[in-house]
Amino acid sequence: MISRQEFPSISELEFEEMVLGSELSVAIYITHKCCRIADSAYREFASAAQQFKDSIGIFIVDVDVEKALVSRLDVKGAPILLVFRAGIERCALLGFYREDELRKRLWSIISTGDKD
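In this text the structure is predicted, and so the values were computed from the model without any measurement. (Residues numbered from 1 in each chain as written. Predicted model: local features only at pLDDT ≥ 70, side-chain atom pairs only at ≥ 80, totals over all residues. Heavy atoms only, no water.)

Overview of the side chain of S11
Move 1: Position of S11 relative to the elements: it lies in the segment before α1 (12-20).
Move 2: On the basis of relative accessibility, which here comes to 16%, the residue S11 falls in the buried class.
Move 3: If we skip the residues at most four places from it in the chain, S11 touches E66 and L69. (Helix = DSSP H or I, 4+ residues; strand = E, 2+ residues; numbered from the N terminus. Buried < 20%, exposed > 50% of the residue type's maximum accessible area, 1.4 Å probe, protein only. Contact = heavy atoms within 4.5 Å.)

Observations regarding the packing of aromatic side chains
Move 1: Taken as a whole and assessed by the stated rule, the structure comprises five aromatic pairs.
Move 2: On the basis of an interplanar angle of 55 degrees and a centroid distance of 6.1 Å, the ring pair of F7 and F45 is categorised as tilted. Taken together, the positions of F7 in the segment before α1 and F45 in helix α2 (residues 36-49) put the pair 38 residues apart, joining distant regions of the chain.
Move 3: For F7, a relative accessible area of 5% puts it in the buried group.
Move 4: The exposure class of F45 is buried, given its relative accessible area of 0%.
Move 5: Centre to centre, the rings of Y29 and F45 are 4.3 Å apart; their planes meet at 10 degrees, and the pair counts as stacked. Separated by 16 residues along the polypeptide, Y29 in strand β1 (residues 25-31) and F45 in helix α2 bring together distant segments of the chain.
Move 6: Of the aromatic side chains, those joined through ring pairs into one cluster are F7, Y29, Y42 and F45. (Phe/Tyr/Trp six-rings, centres within 6.5 Å; stacked < 30°, edge-to-face > 60°.)

Focus: the pattern of salt bridges
Move 1: Enumeration according to the criterion identifies six salt bridges in this entry.
Move 2: Across the pair R103 and E99 runs a salt bridge, and its minimum N-O distance is 2.4 Å. With R103 and E99 both in helix α4 (residues 99-112) and four residues apart, the pair spans about one turn of that helix.
Move 3: For R105, the salt bridge identified is with E101, shortest N-O distance 2.6 Å. Here R105 pairs with E101, and both are found in helix α4, just four residues apart, close to one helical turn.
Move 4: The class for E101 is partly exposed, based on a relative accessible area of 28%. (Salt bridge = Lys/Arg side-chain N within 4 Å of Asp/Glu carboxyl O.)

What about the nonpolar core?
Move 1: F7, Y29, Y42, F45, I58, L81 and V83 are the most contacted members of the largest nonpolar core, which has 21 residues in total.
Move 2: Elements represented by at least two residues in this core include exactly β1, α2, β2 (57-62), β3 (80-85), β4 (88-94) and α4.
Move 3: Counting residues per element, this core draws most heavily on α2, which supplies six residues.
Move 4: Setting aside chain neighbours within four positions, we find V83 in contact with V26, A27, I88, E89, R90, C91, L106 and I109.
Move 5: Counting 16 residues, the second largest nonpolar core, distinct from the first, contains I28, V63, L69 and F84. (Core = buried A, V, L, I, M, F, W, Y, C linked by side-chain atoms within 4.5 Å.)

Some words on the pairing of β2
Move 1: The buried count for β2 comes to five of six residues, which makes it a mostly enclosed element.
Move 2: Pairing analysis gives six bridges linking β1 to β2, with the strands arranged parallel. When the bridges of β2 are listed, I28 appears paired with F59.
Move 3: Following the backbone out of β1, through α2 and into the adjacent parallel β2, one traces a crossover that is right-handed. (Pairing = 2+ DSSP bridges. Right-handed = clockwise from strand over helix to strand, strands pointing away.)

Structure representation (structure tokens):
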């Protein structure tokens, strides 16, 4: 089983440098740590993201812990996956996605910069 410590968290202070300042693709998975649906969705995301962890930045954000960052990103619901490339948001996937669908979408974004 994949633990939530598999990927680091990120704060609003780190966002500027780690995401907006990055030339590489960065995925930020925003979740509620105490929600069963979000927990299931996280397991699917973490399994899919394992394939890409050496080629992109992957961060986890809990809406209850990093409220300032969640507000800055104008997140209205969780779980949501935000993918940035060269500091620009390229994709926002809200809700539950199966591992295979997430893997396809992440690959598409990473390889081409497009969300589909």
